[in-house]
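Analysis of the macromolecular model
Each chain, written out:
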Amino acid sequence: MLLLKAIPSVFLLVYCSAAPAAPSDDDDAHLTVPELITKYGYPVEVHQVTTTDGYILTLHRIPHGKNTDKVSNRVVFLMHGLLCSSADWIFTGPDHGLGYLLADEGYDVWMGNARGNHQSRNHTRLNPDKDPEFWQFSWHEIGAVDVPAMIDHVLEVTGEESLYHIGHSQGTTTFYVMTSMRPEYNSKIKAHFSLAPVGYTNHMTSPLMHILAFWSGPLELLFKLIGVNEFLPTNEFLALMGDTFCRDGDITQFLCSNALFAICGFSPKEMNATLFPVLTAHTPAGSSTRQLVHYAQGINTGTFRQFDFGLKNLEIYGTFTPPAYDLKLITAPIYLFYSHNDWMAAERDVIRLCNGLGDSCKGKFLVSDNSFNHLDYLYGISAPKIVYERVISLMARH
Ligand SMILES: *[C@@H]1O[C@H](CO)[C@@H](O)[C@H](O)[C@H]1NC(C)=O
Ligand SMILES: *[C@@H]1O[C@H](CO)[C@@H](O)[C@H](O)[C@H]1NC(C)=O
């Protein structure tokens, strides 16, 4: 049995690396986020925020839609997921990207970038290519430090007291971290929308995340395959995913070499192949290995809690196990969107999260399409119709 499994893996290793590169003649693939936004006729601003611990973060703003010059006082902050960036809200184009759709609905749209992704790969003192210390963070620091710093900047520039917050995947995790670790931020949130909520992770089905969870014991071995500091999986490691992932068909041949899809899966029905060149240009956008290990710890323990440093916990937290995020401290109104084919956000985990949030969980919506996957909230052809329309109509109530 083992041998039988090994043969296709080796075959797929060759097959994946020999898969033709995506066509590269698409102009959009060569443009930066501000260049893309400008090309499609929208105004754009680039802002930088330096966190208290020295990370230099980039925010992209679309202050208004195409049909007006007025900047509205309805401000929305979008936070991307693991290995993603602000690009993921816009590169699918003006008829599809949530960043554009919100601008045209009359919102002042701000898109954050977490420390360590390609847009926020800088620090006042540390060099991401030379200093391992740069990468000593998980989504805990993104939620407790980066998101509050960016929100403060947005509120200061706009002169508003509160904003709407939309997160995807890890962008939901970081929201729960922020509002539980720094509860004073609850009052700065008019309403939060979680697309593919990730708090509890122990029913997550992603094979790659389970391999990480399984291996998070002998870490040195794991780190050889996926990178000690920055998450940089080897081709060999990605090919290990082969038997679940690389199958016949143009779409899978292309996607099997992309770390993001190897983690999250995809539904062929929702993929728009025209977007592959621009998608590859921006995604995966980089993250620390610790961000993945932190999720893997949640798979193993069934908890939603701070990073487990093992023997150092006592020194860091004063307890043998890391403290749990206290969901009772979260008071902002929250709406959860989840789906049945999501490898990262399992229905049982989402329902447990909603129960833990109590009165704050204002609604949970199961996406009507059963094949809808984790990344379809960003790239799926029907995302505007079956997800964004509802988000926008709920926003109008707050
Ligand atoms: C696929 O993406 C292209 C480029 O944004 C767009 O023109 C086209 O309408 C999309 N196709 C579908 C089926 O959504
Ligand atoms: C990183 O930030 C420093 C300021 O601390 C700046 O001088 C440098 O140009 C930045 N590097 C990049 C690649 O943006």
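Residues numbered from 1 in each chain as written. Chains lettered and ligands numbered in written order. Predicted model: local features only at pLDDT ≥ 70, side-chain atom pairs only at ≥ 80, totals over all residues. Heavy atoms only, no water.

1. Focus on the site of ligand 1
For the record, the criterion: Proximity criterion: a residue is near a molecule or strand once any of its heavy atoms comes within 4 Å of it. Polar contact is defined as a pair of N or O atoms within 3.5 Å, subject to the rule that within protein one atom must be able to donate a hydrogen and the other to accept it, and that residues adjacent in sequence are counted only when both atoms are side-chain atoms. Following the grouping adopted for this structure description, the nonpolar residues are Ala, Val, Leu, Ile, Met, Phe, Trp, Tyr, Cys and Pro, the charged ones are Asp, Glu, Lys and Arg, and the polar ones are all others, Gly among them.
Around ligand 1, the neighbouring residues are Thr-92, Asn-272, Thr-274, Leu-275 and Ile-381. Here an oxygen atom of ligand 1 and a side-chain polar atom of Asn-272 are 2.2 Å apart. Looking at the shell around ligand 1 residue by residue, the classes come out as two nonpolar, three polar and no charged.

2. Focus: helix H13 (residues 289-301)
Which entries qualify depends on this criterion: Put simply, DSSP marks the helices as runs of H or I at least four residues long and the strands as runs of E at least two long, and each gets a number from the N terminus on. Given a helix with a known number of residues, its expected span is that number minus one, times 1.5 Å. Three labels apply to residues, based on accessible area from a 1.4 Å probe with only protein chains included: buried if under 20% of the type maximum, exposed if over 50%, partly exposed otherwise in between.
When the terminal C-alpha atoms of H13 are compared, their 19 Å separation across 13 residues agrees well with the 18 Å that a helix rising 1.5 Å per residue should span. Burial of H13 is extensive: eleven of the 13 residues sit out of reach of the surface. Where H13 ends, the next residue or the one after it, Gly-302, has phi of about 70°, a positive value.

3. Thoughts on the site of ligand 2
Using the following cut-off: Note on areas: these come from Shrake-Rupley sampling with a 1.4 Å probe, and a residue is covered only by the protein chains present in the view.
Taken together, the neighbourhood of ligand 2 is formed by Ile-56, Asn-122 and Thr-124. Between ligand 2 and Asn-122 there is a distance of 2.3 Å, counted from an oxygen atom to a side-chain nitrogen or oxygen. Isolated, ligand 2 exposes 360 Å² of accessible area, and the fraction of that covered by the protein chains is 26%.

4. A few points about the side chain of Ser-169
Applicable threshold: We call two residues in contact whenever any of their non-hydrogen atoms come within 4.5 Å of each other.
For Ser-169, the location among the structural elements is in the loop between strand E5 (163-168) and helix H5 (170-181). Looking at Ser-169, the relative accessible area reads 5%, which means it is buried. Not counting the four nearest positions on each side in its chain, Ser-169 is found in contact with Gly-81, Leu-195, Ala-196, Val-198 and His-374.

5. Considerations on the side chain of His-165
For His-165, the position within the fold is in strand E5. If we ignore the near neighbours within four places in the chain, the residues touching His-165 are Phe-77, Met-79, Val-147, Ile-151, Gly-171, Phe-175, Ile-189, Ala-191, His-192 and Phe-193.

6. Observations concerning the UniProt feature "active site" (unreviewed entry) in the chain
Selection criterion: UniProt positions are given in the numbering used here, feature names are shortened, and annotations may be inferred rather than shown by experiment.
The sites that carry the UniProt feature "active site" (unreviewed entry) are, in the present numbering, Ser-169, Asp-342 and His-374. Taken along the chain, the residues just named run across 206 residues; in space they keep tight, none of their C-alpha pairs more than 10.5 Å apart. The residues touching His-374, leaving out its near neighbours within four places in the chain, are His-168, Ser-169, Ala-196, Val-198, Cys-264, Asp-342, Met-344 and Ala-345.

7. Examining the state of the cysteines
As a reminder, the rule being used: The disulfide definition used here is simple: a pair of cysteine sulfur atoms within 2.5 Å.
On inspection of all chains with the given rule, the structure shows one disulfide. Across the disulfide, Cys-354 is cross-linked to Cys-361 (sulfur-sulfur distance 2.2 Å). The sign of the -100° torsion about the S-S bond sets the Cys-354-Cys-361 disulfide as left-handed. Each member of the pair, Cys-354 as well as Cys-361, carries the same accessibility label: buried. Here Cys-264 stays unpaired: no disulfide links it, and the sulfur of Cys-84, its closest cysteine neighbor, is 7.3 Å away. Residue Cys-264 is classed as buried on the basis of its relative accessible area, which comes to 4%.

8. Details of the pattern of salt bridges
Note the cut-off: Salt bridge, as used here, is a side-chain nitrogen of Lys or Arg placed within 4 Å of a carboxyl oxygen of Asp or Glu.
By the definition in use, this model includes 13 salt bridges. A salt bridge links Asp-129 to Arg-121; its shortest N-O distance comes to 3.2 Å. Owing to a relative accessible area of 24%, Arg-121 belongs among the partly exposed residues under this scheme. Across the pair Asp-152 and Lys-188 runs a salt bridge, and its minimum N-O distance is 3.2 Å. With Asp-152 in helix H4 (residues 139-158) and Lys-188 in the loop between H5 and strand E6 (189-195), this pair connects stretches of sequence that are 36 residues apart. According to the relative accessible area criterion, Asp-152 is partly exposed, its value standing at 29%. You can call Lys-188 partly exposed: its relative accessible area is 21%.

9. Digging into the packing of H4 against H13
Counted only if it meets this: Axes here mean lines fitted to C-alpha atoms, for a helix over just the part in contact, with angles spanning 0 to 180 degrees between N-to-C directions. Note on angle classes: values under 35 degrees are labelled roughly parallel, values over 145 roughly antiparallel, values of 65 to 115 roughly perpendicular, and the remainder oblique.
Look at H4 against H13: their axes get within 8 Å of each other, and the N-to-C directions meet at 105°. Taken together, the axis directions place H4 and H13 in an arrangement best described as roughly perpendicular. Residues Trp-139, His-140 and Ile-142 of H4 touch H13, and the partners they reach there are Gln-291, His-294 and Tyr-295.

10. Some words on the packing of aromatic side chains
What counts here: Centres within 6.5 Å are what make two rings of Phe, Tyr or Trp a pair, Trp counting through its six-membered ring; a difference in plane orientation under 30 degrees is then read as stacked, over 60 as edge-to-face, and the rest as tilted. Note on criteria: charge over ring means Lys NZ or Arg CZ within 6 Å of the ring centre, with the direction from the centre no more than 35 degrees off the ring normal.
Counted under the stated rule, the structure contains 22 aromatic pairs. Arranged with centres 4.9 Å apart and planes meeting at 65°, the rings of Phe-307 and Phe-309 form a pair that is edge-to-face. A relative accessible area of 10% means that Phe-307 is categorised as buried. By relative accessible area, which is 27% here, Phe-309 ends up partly exposed. An aromatic cluster of three or more residues is present, and its members are Trp-139, Phe-175, Tyr-176, Tyr-200, Tyr-295, Phe-304 and Tyr-325. If you follow Arg-74 out to its NZ or CZ, it ends over the ring of Tyr-107, 4.3 Å from the centre. Positioned over the ring face of Tyr-55 is Arg-115, at 3.9 Å from the centre of the ring.

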